[in-house]
Amino acid sequence: MDYLQTVWRRRVTVLVCTLTALGLMIAVDTVRPSKYASTAKVSFGTRTLTVTAMGTNLIRLQSAPVRLAARGILGVGLPGCSIKQEGTTAIADITCNANDPSLAARAANAYADGYNQVMRSQSVQRALGAAQYIRSTIDAQNSSIATLTAAAASVDKNSILGKLYAKQLTEAYGKLQGLQSQLNAVELASLNPRNAISILQIATPNRTPLSPKPTSDAILAFIAGLALGVGIAVVRETLDDKLRTRAELEQISLGRPAIGLIPSIREWEDRKTPLLISAEQPKSPPSEAFRSLRTSLQFMSLDDPIKTLLITSPAAADGKTTITSNLAYTIASAGQEVIIVGCDLRKPRIHEFFGVKNEIGFTSVLLGEADLDDAIVEVPGSAYLRILPAGPIPPNPAELLSGRRAQLVMEQLKERCDIVIIDSPPMLPVSDAQVLAAKADAVILVAAAGISAKRDVARSVELLMQVDAALIGVVLNRAPSSDGYSYYRYGYGYGYGYGYGYGYGYGGTSAYGGASTPVPENLAMPEPTTTKP
(Lines give C-alpha, C1' and ligand atoms only; values in the text may rest on other atoms or scores of the structure.)
Protein backbone atom coordinates (compact mmCIF):
# COMPACT_ATOMS: atom_id res chain seq x y z
CA MET A 1 0.00 0.00 0.00
CA ASP A 2 1.14 3.53 -0.79
CA TYR A 3 0.62 5.22 2.57
CA LEU A 4 1.10 8.73 1.18
CA GLN A 5 -1.72 8.17 -1.31
CA THR A 6 -3.85 6.72 1.48
CA VAL A 7 -3.24 9.78 3.66
CA TRP A 8 -4.03 12.07 0.72
CA ARG A 9 -7.27 10.27 -0.07
CA ARG A 10 -8.25 10.45 3.59
CA ARG A 11 -6.81 13.93 4.11
CA VAL A 12 -10.06 15.28 5.50
CA THR A 13 -10.04 12.64 8.23
CA VAL A 14 -6.39 13.35 9.03
CA LEU A 15 -6.96 17.11 9.09
CA VAL A 16 -10.06 16.86 11.27
CA CYS A 17 -8.32 14.61 13.79
CA THR A 18 -5.24 16.86 13.96
CA LEU A 19 -7.16 20.11 14.35
CA THR A 20 -9.57 18.57 16.84
CA ALA A 21 -6.77 17.29 19.05
CA LEU A 22 -4.95 20.63 18.86
CA GLY A 23 -8.09 22.64 19.59
CA LEU A 24 -9.08 20.45 22.52
CA MET A 25 -5.63 20.73 24.07
CA ILE A 26 -5.59 24.53 23.73
CA ALA A 27 -9.07 24.72 25.27
CA VAL A 28 -8.09 22.47 28.15
CA ASP A 29 -4.89 24.42 28.84
CA THR A 30 -6.89 27.66 28.82
CA VAL A 31 -9.34 26.61 31.52
CA ARG A 32 -7.11 24.26 33.51
CA PRO A 33 -5.65 25.83 36.70
CA SER A 34 -1.88 25.86 37.10
CA LYS A 35 -0.28 23.11 39.13
CA TYR A 36 2.93 23.57 41.13
CA ALA A 37 5.16 20.87 42.58
CA SER A 38 7.55 20.96 45.52
CA THR A 39 9.78 18.17 46.89
CA ALA A 40 11.20 17.39 50.33
CA LYS A 41 14.08 14.92 50.51
CA VAL A 42 14.21 12.61 53.56
CA SER A 43 16.49 9.79 54.75
CA PHE A 44 15.59 6.72 56.77
CA GLY A 45 19.15 6.31 58.08
CA THR A 46 22.79 6.37 57.14
CA ARG A 47 23.01 2.65 56.47
CA THR A 48 21.76 0.95 53.32
CA LEU A 49 18.49 -0.81 54.14
CA THR A 50 17.31 -4.11 52.77
CA VAL A 51 14.61 -4.09 50.10
CA THR A 52 12.08 -5.39 52.63
CA ALA A 53 12.95 -2.80 55.26
CA MET A 54 12.86 0.07 52.79
CA GLY A 55 9.58 -1.14 51.37
CA THR A 56 8.10 -1.26 54.87
CA ASN A 57 9.23 2.29 55.57
CA LEU A 58 7.70 3.55 52.31
CA ILE A 59 4.40 1.86 53.13
CA ARG A 60 4.40 3.48 56.57
CA LEU A 61 5.20 6.84 55.00
CA GLN A 62 2.09 6.59 52.81
CA SER A 63 -0.22 5.28 55.55
CA ALA A 64 -3.41 6.97 56.66
CA PRO A 65 -2.12 7.98 60.16
CA VAL A 66 0.80 9.82 58.56
CA ARG A 67 -1.48 11.66 56.13
CA LEU A 68 -3.81 12.57 58.99
CA ALA A 69 -0.92 13.92 61.05
CA ALA A 70 0.39 15.90 58.06
CA ARG A 71 -3.05 17.39 57.53
CA GLY A 72 -3.13 18.46 61.19
CA ILE A 73 0.26 20.11 60.89
CA LEU A 74 -0.68 21.82 57.61
CA GLY A 75 -3.98 23.09 58.95
CA VAL A 76 -5.80 22.60 55.63
CA GLY A 77 -6.63 19.69 53.36
CA LEU A 78 -3.57 17.80 52.20
CA PRO A 79 -3.06 18.10 48.39
CA GLY A 80 -1.95 15.21 46.21
CA CYS A 81 1.42 13.84 47.29
CA SER A 82 3.60 11.03 45.98
CA ILE A 83 6.55 9.12 47.46
CA LYS A 84 9.49 7.92 45.37
CA GLN A 85 12.65 6.12 46.46
CA GLU A 86 15.92 7.31 44.98
CA GLY A 87 17.42 4.23 43.39
CA THR A 88 18.36 1.63 46.01
CA THR A 89 19.30 4.16 48.70
CA ALA A 90 17.55 4.90 51.99
CA ILE A 91 16.50 8.29 50.61
CA ALA A 92 12.96 9.13 49.48
CA ASP A 93 11.43 12.16 47.77
CA ILE A 94 8.11 13.52 49.02
CA THR A 95 6.51 15.52 46.18
CA CYS A 96 3.25 17.43 46.62
CA ASN A 97 1.23 19.16 43.89
CA ALA A 98 -1.05 22.10 44.56
CA ASN A 99 -2.53 25.14 42.85
CA ASP A 100 -0.35 27.36 45.06
CA PRO A 101 3.46 26.90 45.14
CA SER A 102 3.65 27.82 48.84
CA LEU A 103 0.98 25.27 49.72
CA ALA A 104 2.83 22.56 47.78
CA ALA A 105 6.07 23.28 49.75
CA ARG A 106 4.33 23.41 53.14
CA ALA A 107 2.48 20.16 52.35
CA ALA A 108 5.71 18.29 51.50
CA ASN A 109 7.36 19.50 54.72
CA ALA A 110 4.23 18.71 56.75
CA TYR A 111 4.25 15.20 55.31
CA ALA A 112 7.80 14.58 56.58
CA ASP A 113 7.00 16.12 59.97
CA GLY A 114 3.80 14.09 60.16
CA TYR A 115 5.76 10.86 59.67
CA ASN A 116 8.15 11.78 62.47
CA GLN A 117 5.23 12.71 64.70
CA VAL A 118 3.51 9.37 64.16
CA MET A 119 6.71 7.37 64.61
CA ARG A 120 7.64 9.31 67.80
CA SER A 121 4.18 8.69 69.21
CA GLN A 122 4.50 5.00 68.48
CA SER A 123 8.00 5.00 70.05
CA VAL A 124 6.70 6.64 73.25
CA GLN A 125 3.89 4.10 73.46
CA ARG A 126 6.34 1.24 73.10
CA ALA A 127 8.67 2.79 75.73
CA LEU A 128 5.86 3.26 78.24
CA GLY A 129 4.80 -0.32 77.76
CA ALA A 130 8.35 -1.53 78.23
CA ALA A 131 8.78 0.63 81.39
CA GLN A 132 5.65 -0.85 82.91
CA TYR A 133 6.92 -4.34 82.26
CA ILE A 134 10.35 -3.56 83.73
CA ARG A 135 8.77 -2.07 86.88
CA SER A 136 6.75 -5.21 87.44
CA THR A 137 9.92 -7.27 86.96
CA ILE A 138 11.78 -5.04 89.50
CA ASP A 139 9.00 -5.56 92.03
CA ALA A 140 9.25 -9.31 91.58
CA GLN A 141 13.04 -9.11 91.95
CA ASN A 142 12.77 -7.07 95.20
CA SER A 143 10.40 -9.65 96.58
CA SER A 144 12.86 -12.40 95.69
CA ILE A 145 15.70 -10.48 97.39
CA ALA A 146 13.62 -10.04 100.56
CA THR A 147 12.94 -13.76 100.68
CA LEU A 148 16.63 -14.62 100.22
CA THR A 149 17.67 -12.07 102.88
CA ALA A 150 15.30 -13.60 105.42
CA ALA A 151 16.55 -17.09 104.62
CA ALA A 152 20.20 -16.03 104.92
CA ALA A 153 19.58 -14.46 108.33
CA SER A 154 18.22 -17.73 109.71
CA VAL A 155 21.43 -19.70 109.09
CA ASP A 156 25.12 -19.32 109.90
CA LYS A 157 26.71 -17.17 107.24
CA ASN A 158 29.85 -19.34 107.31
CA SER A 159 27.90 -22.50 106.70
CA ILE A 160 27.53 -23.98 103.27
CA LEU A 161 23.88 -22.90 103.12
CA GLY A 162 24.78 -19.41 104.31
CA LYS A 163 27.39 -19.03 101.58
CA LEU A 164 24.87 -20.25 98.97
CA TYR A 165 22.33 -17.64 100.09
CA ALA A 166 24.99 -14.96 99.97
CA LYS A 167 25.90 -15.86 96.40
CA GLN A 168 22.25 -15.82 95.32
CA LEU A 169 21.75 -12.43 96.95
CA THR A 170 24.75 -11.02 95.10
CA GLU A 171 23.35 -12.25 91.78
CA ALA A 172 19.86 -10.93 92.59
CA TYR A 173 21.22 -7.46 93.44
CA GLY A 174 23.17 -7.45 90.13
CA LYS A 175 20.07 -8.33 88.17
CA LEU A 176 18.10 -5.64 90.01
CA GLN A 177 20.73 -3.08 89.13
CA GLY A 178 20.52 -4.08 85.43
CA LEU A 179 16.72 -3.77 85.46
CA GLN A 180 16.99 -0.34 87.02
CA SER A 181 19.40 0.74 84.26
CA GLN A 182 16.99 -0.51 81.61
CA LEU A 183 14.13 1.37 83.25
CA ASN A 184 16.12 4.58 83.29
CA ALA A 185 16.98 4.22 79.60
CA VAL A 186 13.38 3.48 78.63
CA GLU A 187 12.03 6.41 80.64
CA LEU A 188 14.62 8.68 79.03
CA ALA A 189 13.57 7.47 75.56
CA SER A 190 9.92 8.12 76.32
CA LEU A 191 10.73 11.66 77.38
CA ASN A 192 12.86 12.45 74.31
CA PRO A 193 11.91 10.17 71.37
CA ARG A 194 14.11 10.29 68.25
CA ASN A 195 12.92 11.21 64.76
CA ALA A 196 12.39 8.24 62.42
CA ILE A 197 13.64 10.17 59.39
CA SER A 198 16.02 13.05 58.89
CA ILE A 199 15.07 15.80 56.48
CA LEU A 200 17.93 16.24 54.02
CA GLN A 201 16.26 18.97 51.98
CA ILE A 202 13.36 21.16 53.03
CA ALA A 203 10.77 21.78 50.31
CA THR A 204 10.73 25.36 48.99
CA PRO A 205 8.11 27.02 46.75
CA ASN A 206 8.72 26.45 43.02
CA ARG A 207 7.17 29.24 40.97
CA THR A 208 7.48 27.37 37.66
CA PRO A 209 4.15 25.60 36.99
CA LEU A 210 4.22 21.85 36.51
CA SER A 211 1.20 22.12 34.23
CA PRO A 212 -0.13 23.31 31.90
CA LYS A 213 2.73 23.86 29.48
CA PRO A 214 1.02 25.33 26.40
CA THR A 215 3.88 24.94 23.93
CA SER A 216 4.79 21.35 24.70
CA ASP A 217 1.14 20.39 25.12
CA ALA A 218 0.28 21.84 21.70
CA ILE A 219 3.15 19.97 20.05
CA LEU A 220 2.12 16.71 21.68
CA ALA A 221 -1.53 17.26 20.71
CA PHE A 222 -0.54 17.97 17.11
CA ILE A 223 1.56 14.81 16.91
CA ALA A 224 -1.13 12.71 18.61
CA GLY A 225 -3.89 14.07 16.36
CA LEU A 226 -1.82 13.53 13.24
CA ALA A 227 -0.96 9.97 14.29
CA LEU A 228 -4.61 9.26 15.09
CA GLY A 229 -5.77 10.64 11.75
CA VAL A 230 -3.22 8.64 9.78
CA GLY A 231 -4.10 5.53 11.79
CA ILE A 232 -7.80 5.92 11.11
CA ALA A 233 -7.11 6.52 7.43
CA VAL A 234 -5.00 3.37 7.14
CA VAL A 235 -7.52 1.31 9.11
CA ARG A 236 -10.44 2.47 6.99
CA GLU A 237 -8.45 1.77 3.84
CA THR A 238 -7.12 -1.67 4.65
CA LEU A 239 -9.01 -3.27 7.52
CA ASP A 240 -12.53 -3.22 6.15
CA ASP A 241 -12.97 -6.98 6.38
CA LYS A 242 -16.63 -7.07 5.40
CA LEU A 243 -17.50 -8.88 2.20
CA ARG A 244 -19.01 -6.45 -0.28
CA THR A 245 -19.22 -7.83 -3.84
CA ARG A 246 -19.55 -10.97 -5.91
CA ALA A 247 -15.99 -10.58 -7.20
CA GLU A 248 -14.62 -10.55 -3.64
CA LEU A 249 -16.62 -13.64 -2.77
CA GLU A 250 -15.40 -15.58 -5.82
CA GLN A 251 -11.81 -14.55 -5.11
CA ILE A 252 -11.95 -15.61 -1.47
CA SER A 253 -13.67 -18.91 -2.35
CA LEU A 254 -10.69 -19.90 -4.53
CA GLY A 255 -12.47 -19.35 -7.83
CA ARG A 256 -15.75 -21.10 -7.01
CA PRO A 257 -18.51 -19.49 -9.08
CA ALA A 258 -21.20 -17.36 -7.51
CA ILE A 259 -24.17 -19.45 -8.66
CA GLY A 260 -26.71 -17.31 -6.84
CA LEU A 261 -27.16 -13.61 -6.10
CA ILE A 262 -30.03 -12.93 -3.70
CA PRO A 263 -30.91 -9.23 -3.59
CA SER A 264 -31.38 -7.17 -0.47
CA ILE A 265 -35.04 -6.90 0.54
CA ARG A 266 -35.88 -4.19 3.06
CA GLU A 267 -39.37 -5.47 3.91
CA TRP A 268 -37.89 -8.47 5.72
CA GLU A 269 -36.09 -6.34 8.28
CA ASP A 270 -39.19 -5.75 10.40
CA ARG A 271 -40.60 -9.26 10.20
CA LYS A 272 -40.81 -11.13 13.50
CA THR A 273 -41.18 -14.53 11.84
CA PRO A 274 -39.39 -16.25 8.97
CA LEU A 275 -40.64 -15.36 5.48
CA LEU A 276 -40.84 -17.97 2.74
CA ILE A 277 -40.83 -15.34 0.04
CA SER A 278 -40.78 -17.83 -2.81
CA ALA A 279 -44.24 -18.99 -1.69
CA GLU A 280 -45.75 -15.74 -0.45
CA GLN A 281 -44.45 -13.53 -3.29
CA PRO A 282 -43.72 -15.89 -6.22
CA LYS A 283 -43.43 -13.04 -8.73
CA SER A 284 -41.05 -10.92 -6.67
CA PRO A 285 -37.44 -10.31 -7.71
CA PRO A 286 -36.07 -12.45 -4.83
CA SER A 287 -38.19 -15.36 -6.00
CA GLU A 288 -36.75 -14.89 -9.48
CA ALA A 289 -33.27 -14.96 -7.94
CA PHE A 290 -34.04 -18.32 -6.32
CA ARG A 291 -35.31 -19.67 -9.64
CA SER A 292 -32.04 -18.54 -11.21
CA LEU A 293 -30.15 -20.40 -8.48
CA ARG A 294 -32.26 -23.50 -9.18
CA THR A 295 -31.41 -23.29 -12.88
CA SER A 296 -27.70 -23.05 -12.09
CA LEU A 297 -27.93 -26.19 -9.96
CA GLN A 298 -29.82 -28.05 -12.71
CA PHE A 299 -27.11 -27.32 -15.26
CA MET A 300 -24.37 -28.32 -12.80
CA SER A 301 -26.03 -31.70 -12.17
CA LEU A 302 -26.70 -32.72 -15.79
CA ASP A 303 -23.78 -35.16 -16.00
CA ASP A 304 -23.53 -36.04 -12.32
CA PRO A 305 -26.91 -35.77 -10.56
CA ILE A 306 -26.85 -34.22 -7.10
CA LYS A 307 -28.76 -36.31 -4.59
CA THR A 308 -27.64 -34.58 -1.37
CA LEU A 309 -27.08 -30.82 -1.29
CA LEU A 310 -25.72 -29.21 1.87
CA ILE A 311 -26.16 -25.47 2.42
CA THR A 312 -24.02 -23.78 5.06
CA SER A 313 -22.46 -20.41 5.84
CA PRO A 314 -19.52 -19.01 7.81
CA ALA A 315 -21.61 -17.49 10.60
CA ALA A 316 -25.14 -17.57 11.91
CA ALA A 317 -26.40 -14.28 10.48
CA ASP A 318 -25.59 -14.96 6.83
CA GLY A 319 -29.04 -16.30 5.91
CA LYS A 320 -28.28 -19.92 5.07
CA THR A 321 -31.54 -21.27 6.54
CA THR A 322 -33.52 -18.71 4.54
CA ILE A 323 -31.65 -19.73 1.39
CA THR A 324 -32.25 -23.40 2.18
CA SER A 325 -36.00 -23.08 2.69
CA ASN A 326 -36.65 -20.86 -0.33
CA LEU A 327 -34.39 -22.88 -2.64
CA ALA A 328 -36.07 -26.12 -1.59
CA TYR A 329 -39.51 -24.62 -2.27
CA THR A 330 -38.35 -23.33 -5.65
CA ILE A 331 -36.94 -26.71 -6.69
CA ALA A 332 -40.11 -28.48 -5.56
CA SER A 333 -42.23 -26.04 -7.55
CA ALA A 334 -40.52 -27.38 -10.68
CA GLY A 335 -41.87 -30.86 -9.96
CA GLN A 336 -38.87 -32.45 -8.25
CA GLU A 337 -39.48 -34.29 -5.02
CA VAL A 338 -37.48 -32.60 -2.29
CA ILE A 339 -36.85 -33.53 1.33
CA ILE A 340 -35.37 -30.87 3.57
CA VAL A 341 -33.36 -32.27 6.48
CA GLY A 342 -32.81 -30.12 9.54
CA CYS A 343 -29.28 -30.99 10.58
CA ASP A 344 -28.78 -27.85 12.65
CA LEU A 345 -29.04 -29.76 15.92
CA ARG A 346 -28.00 -26.84 18.10
CA LYS A 347 -30.39 -24.05 17.08
CA PRO A 348 -32.94 -25.56 14.68
CA ARG A 349 -35.09 -23.08 12.74
CA ILE A 350 -35.87 -24.67 9.38
CA HIS A 351 -39.23 -26.01 10.61
CA GLU A 352 -40.40 -22.45 11.37
CA PHE A 353 -40.40 -21.57 7.67
CA PHE A 354 -43.01 -24.24 6.95
CA GLY A 355 -45.08 -24.05 10.12
CA VAL A 356 -44.39 -27.62 11.24
CA LYS A 357 -43.57 -28.91 14.70
CA ASN A 358 -40.12 -29.97 15.86
CA GLU A 359 -40.99 -32.51 18.55
CA ILE A 360 -40.05 -35.44 16.30
CA GLY A 361 -37.31 -35.22 13.72
CA PHE A 362 -33.85 -36.23 12.59
CA THR A 363 -32.50 -36.83 16.11
CA SER A 364 -35.52 -38.96 16.95
CA VAL A 365 -34.73 -41.23 13.98
CA LEU A 366 -31.02 -41.39 14.84
CA LEU A 367 -31.79 -42.38 18.43
CA GLY A 368 -34.34 -44.99 17.33
CA GLU A 369 -37.24 -43.15 18.93
CA ALA A 370 -39.20 -42.82 15.68
CA ASP A 371 -39.38 -44.39 12.23
CA LEU A 372 -38.04 -42.35 9.34
CA ASP A 373 -41.32 -42.30 7.43
CA ASP A 374 -43.18 -41.19 10.55
CA ALA A 375 -40.71 -38.35 11.19
CA ILE A 376 -40.91 -36.94 7.63
CA VAL A 377 -43.60 -34.26 7.48
CA GLU A 378 -45.58 -33.21 4.43
CA VAL A 379 -45.40 -29.46 3.87
CA PRO A 380 -48.97 -28.09 3.81
CA GLY A 381 -50.11 -27.23 0.29
CA SER A 382 -47.19 -28.98 -1.42
CA ALA A 383 -47.19 -32.27 -3.27
CA TYR A 384 -43.44 -32.39 -3.82
CA LEU A 385 -41.91 -30.86 -0.70
CA ARG A 386 -41.38 -32.69 2.58
CA ILE A 387 -39.32 -31.86 5.62
CA LEU A 388 -37.50 -33.89 8.25
CA PRO A 389 -37.17 -31.41 11.14
CA ALA A 390 -34.12 -31.43 13.38
CA GLY A 391 -36.06 -32.79 16.33
CA PRO A 392 -35.11 -32.47 20.00
CA ILE A 393 -31.70 -30.90 20.63
CA PRO A 394 -29.20 -33.62 21.65
CA PRO A 395 -26.23 -33.15 23.99
CA ASN A 396 -23.76 -34.49 21.41
CA PRO A 397 -24.69 -33.23 17.90
CA ALA A 398 -21.27 -33.80 16.30
CA GLU A 399 -21.12 -37.41 17.47
CA LEU A 400 -24.63 -38.13 16.18
CA LEU A 401 -23.95 -36.62 12.76
CA SER A 402 -20.66 -38.48 12.29
CA GLY A 403 -22.10 -41.87 13.21
CA ARG A 404 -23.00 -44.70 10.82
CA ARG A 405 -26.65 -44.30 11.71
CA ALA A 406 -26.72 -40.76 10.25
CA GLN A 407 -25.17 -41.98 6.98
CA LEU A 408 -27.70 -44.81 6.78
CA VAL A 409 -30.60 -42.39 7.27
CA MET A 410 -29.23 -40.16 4.51
CA GLU A 411 -29.07 -43.13 2.13
CA GLN A 412 -32.67 -43.97 2.95
CA LEU A 413 -33.74 -40.38 2.35
CA LYS A 414 -32.12 -40.35 -1.09
CA GLU A 415 -34.29 -43.32 -2.05
CA ARG A 416 -37.43 -41.38 -1.13
CA CYS A 417 -36.93 -38.25 -3.25
CA ASP A 418 -35.07 -36.65 -6.13
CA ILE A 419 -32.86 -34.45 -3.95
CA VAL A 420 -32.13 -34.10 -0.25
CA ILE A 421 -31.35 -30.54 0.86
CA ILE A 422 -29.54 -30.33 4.19
CA ASP A 423 -29.76 -27.29 6.43
CA SER A 424 -26.55 -27.43 8.45
CA PRO A 425 -25.10 -25.28 11.26
CA PRO A 426 -22.65 -22.49 10.38
CA MET A 427 -19.09 -23.53 9.66
CA LEU A 428 -17.15 -21.59 12.28
CA PRO A 429 -18.92 -22.02 15.61
CA VAL A 430 -18.94 -25.84 15.56
CA SER A 431 -17.60 -28.77 13.54
CA ASP A 432 -21.01 -30.23 12.62
CA ALA A 433 -21.01 -28.69 9.14
CA GLN A 434 -17.63 -30.27 8.30
CA VAL A 435 -18.94 -33.70 9.25
CA LEU A 436 -21.97 -33.26 6.99
CA ALA A 437 -20.05 -31.63 4.12
CA ALA A 438 -17.65 -34.55 3.86
CA LYS A 439 -20.55 -36.89 2.98
CA ALA A 440 -22.74 -34.62 0.81
CA ASP A 441 -22.75 -34.81 -3.00
CA ALA A 442 -22.54 -31.01 -3.24
CA VAL A 443 -22.03 -28.08 -0.90
CA ILE A 444 -23.11 -24.45 -1.30
CA LEU A 445 -21.53 -21.78 0.91
CA VAL A 446 -23.74 -18.76 1.65
CA ALA A 447 -22.22 -15.37 2.52
CA ALA A 448 -23.99 -12.06 3.17
CA ALA A 449 -22.71 -8.81 1.68
CA GLY A 450 -21.98 -6.27 4.39
CA ILE A 451 -22.29 -8.90 7.14
CA SER A 452 -19.91 -11.77 6.44
CA ALA A 453 -16.25 -11.17 7.23
CA LYS A 454 -13.75 -12.05 4.51
CA ARG A 455 -11.57 -13.96 6.95
CA ASP A 456 -14.61 -16.02 8.04
CA VAL A 457 -15.45 -16.91 4.44
CA ALA A 458 -11.84 -17.82 3.72
CA ARG A 459 -11.66 -19.95 6.85
CA SER A 460 -14.91 -21.70 5.93
CA VAL A 461 -13.59 -22.56 2.46
CA GLU A 462 -10.39 -23.84 4.06
CA LEU A 463 -12.34 -26.07 6.45
CA LEU A 464 -14.40 -27.47 3.58
CA MET A 465 -11.22 -28.24 1.62
CA GLN A 466 -9.77 -30.03 4.63
CA VAL A 467 -12.59 -32.60 4.51
CA ASP A 468 -12.51 -32.76 0.69
CA ALA A 469 -16.06 -31.40 0.44
CA ALA A 470 -17.63 -30.95 -3.00
CA LEU A 471 -17.96 -27.16 -2.86
CA ILE A 472 -19.70 -26.48 -6.19
CA GLY A 473 -20.35 -22.77 -5.71
CA VAL A 474 -21.18 -19.88 -3.46
CA VAL A 475 -24.27 -17.72 -2.98
CA LEU A 476 -24.08 -14.01 -2.19
CA ASN A 477 -26.93 -12.97 0.04
CA ARG A 478 -27.89 -9.27 0.25
CA ALA A 479 -26.23 -8.80 -3.14
CA PRO A 480 -25.67 -5.11 -3.95
CA SER A 481 -27.12 -3.49 -7.04
CA SER A 482 -23.64 -3.22 -8.54
CA ASP A 483 -23.65 -7.00 -8.94
CA GLY A 484 -26.54 -6.92 -11.41
CA TYR A 485 -29.61 -6.53 -9.23
CA SER A 486 -30.30 -2.83 -9.52
CA TYR A 487 -33.78 -3.50 -10.91
CA TYR A 488 -34.60 -5.50 -7.78
CA ARG A 489 -34.45 -2.42 -5.62
CA TYR A 490 -37.92 -1.29 -6.63
CA GLY A 491 -40.10 -1.94 -3.59
CA TYR A 492 -37.95 -4.67 -2.09
CA GLY A 493 -35.15 -5.00 0.38
CA TYR A 494 -34.65 -7.20 3.40
CA GLY A 495 -32.31 -8.17 6.19
CA TYR A 496 -32.12 -11.70 7.44
CA GLY A 497 -31.03 -10.75 10.95
CA TYR A 498 -30.77 -14.15 12.58
CA GLY A 499 -29.08 -13.45 15.90
CA TYR A 500 -28.44 -17.22 16.10
CA GLY A 501 -27.23 -18.22 19.66
CA TYR A 502 -24.87 -21.15 19.70
CA GLY A 503 -22.99 -20.63 22.91
CA TYR A 504 -19.74 -20.71 20.94
CA GLY A 505 -19.28 -16.96 20.69
CA TYR A 506 -22.44 -16.44 18.58
CA GLY A 507 -24.88 -15.09 21.13
CA GLY A 508 -28.20 -13.36 20.78
CA THR A 509 -31.81 -14.18 20.08
CA SER A 510 -33.63 -14.59 16.85
CA ALA A 511 -34.39 -11.33 15.14
CA TYR A 512 -37.67 -12.83 14.11
CA GLY A 513 -38.61 -13.52 17.73
CA GLY A 514 -41.64 -15.29 19.17
CA ALA A 515 -43.30 -18.38 17.81
CA SER A 516 -43.22 -19.20 14.15
CA THR A 517 -46.08 -18.33 11.84
CA PRO A 518 -46.98 -21.45 9.85
CA VAL A 519 -47.36 -21.40 6.12
CA PRO A 520 -51.12 -21.34 5.50
CA GLU A 521 -52.47 -24.74 4.58
CA ASN A 522 -54.28 -23.26 1.61
CA LEU A 523 -51.07 -21.74 0.20
CA ALA A 524 -51.10 -22.93 -3.39
CA MET A 525 -47.99 -24.63 -4.75
CA PRO A 526 -47.27 -23.74 -8.36
CA GLU A 527 -48.12 -26.59 -10.67
CA PRO A 528 -45.11 -28.65 -11.74
CA THR A 529 -43.72 -27.85 -15.12
CA THR A 530 -42.18 -31.29 -15.57
CA THR A 531 -43.39 -34.78 -14.85
CA LYS A 532 -41.37 -37.04 -12.61
CA PRO A 533 -40.37 -40.11 -14.57
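In what follows, the structure referred to is the one given above.
Attention in this report is confined to the structure presented alongside it. Please read all numbers here as calculations on a predicted model, not as lab measurements.

Digging into the state of the cysteines
Throughout the structure, instances matching the rule amount to one disulfide. Note on cysteine connectivity: Cys81 is disulfide-linked to Cys96, with sulfurs 2.1 Å apart. The sign of the 105° torsion about the S-S bond sets the Cys81-Cys96 disulfide as right-handed. One end of the pair, Cys81, is in strand β2 (residues 80-85); the other, Cys96, is in strand β3 (residues 91-98), with 15 residues separating them in the sequence. Take Cys96: its relative accessible area is 0%, and that puts it in the buried class.

Examining the side chain of Thr13
With respect to the secondary-structure elements, Thr13 resides in helix α2 (residues 11-31). Taking relative accessible area as the criterion, Thr13 reaches 18% and is therefore assigned buried.

Overview of the packing of aromatic side chains
Scanning the model with the defined rule gives one aromatic pair in all. Summarising the aromatic geometry, the rings of Phe44 and Tyr115 are spaced 5.9 Å apart at their centres and angled 85° between planes, so their arrangement reads as edge-to-face. Residue Phe44 is found in the loop between β1 (36-43) and α3 (51-61), and its partner Tyr115 is found in helix α5 (residues 101-153); the two are separated by 71 residues along the sequence. Here Phe44 and Tyr115 have matching classes, each one buried. Between Arg11 and the ring centre of Trp8, over which it is positioned, the NZ or CZ distance is 4.1 Å.

Some points on the sheet that holds β1
Taken in spatial order, the four strands line up as β2-β3-β1-β4 in an open sheet, and their pairing is antiparallel. With one partner strand each, in any of the chains shown, β2 and β4 (198-201) form the two edges of the open sheet. Each strand axis lies, on average, 30° off the axis of its neighbour in the sheet, ignoring direction. Bridge count between β1 and β4: three bridges; the pairing is antiparallel. Counterpart to Val42 in the pairing with β4 is Ile199.

Some details on helix α15 (residues 404-414)
Of the residues making up α15, those classed as buried are Ala406, Val409, Met410, Leu413 and Lys414. The arc that holds the buried residues of α15, viewed along the axis, is 140°, so those residues lie on one side.

Remarks on the pattern of salt bridges
As enumerated under the stated definition, the model contains 17 salt bridges in all. Residue Asp29 pairs with Arg32 through a salt bridge whose shortest N-O separation is 2.8 Å. Judged by relative accessible area, which is 12%, Asp29 ranks as buried. The partly exposed category is assigned to Arg32, whose relative accessible area is 33%. Look at the salt bridges and you will find they share partners, linking Asp29, Arg32 and Asp217 into a network.

Some details on unusual backbone geometry
The linkage connecting Ser211 with the following residue, Pro212, adopts the cis geometry, with an omega of -5°. At Leu254, a residue that is not glycine, the phi angle is positive and equals roughly 60°. With respect to the element layout, Leu254 can be found in the loop between α8 (246-252) and β5 (258-263). Even without being a glycine, Arg478 presents a positive backbone phi close to 55°.

Observations concerning the nonpolar core
Membership of the largest hydrophobic core comes to 46 residues, with the highest contact counts inside it found for Val341, Cys343, Phe362, Leu388, Leu413 and Val443. By size, the runner-up hydrophobic cluster in this structure holds 36 residues, among which are Leu297, Ile306, Ile387 and Ile444.

Quick notes on the rules
- Residues numbered from 1 in each chain as written.
- Predicted model: local features only at pLDDT ≥ 70, side-chain atom pairs only at ≥ 80, totals over all residues.
- Heavy atoms only, no water.
- Disulfide = S-S within 2.5 Å.
- Helix = DSSP H or I, 4+ residues; strand = E, 2+ residues; numbered from the N terminus.
- Buried < 20%, exposed > 50% of the residue type's maximum accessible area, 1.4 Å probe, protein only.
- Phe/Tyr/Trp six-rings, centres within 6.5 Å; stacked < 30°, edge-to-face > 60°.
- Lys NZ or Arg CZ within 6 Å of the ring centre and 35° of its normal.
- Pairing = 2+ DSSP bridges.
- Axes fitted to C-alpha atoms, helices over the stretch in contact; angles between N-to-C directions.
- Arc of directions from axis to C-beta.
- Salt bridge = Lys/Arg side-chain N within 4 Å of Asp/Glu carboxyl O.
- Core = buried A, V, L, I, M, F, W, Y, C linked by side-chain atoms within 4.5 Å.

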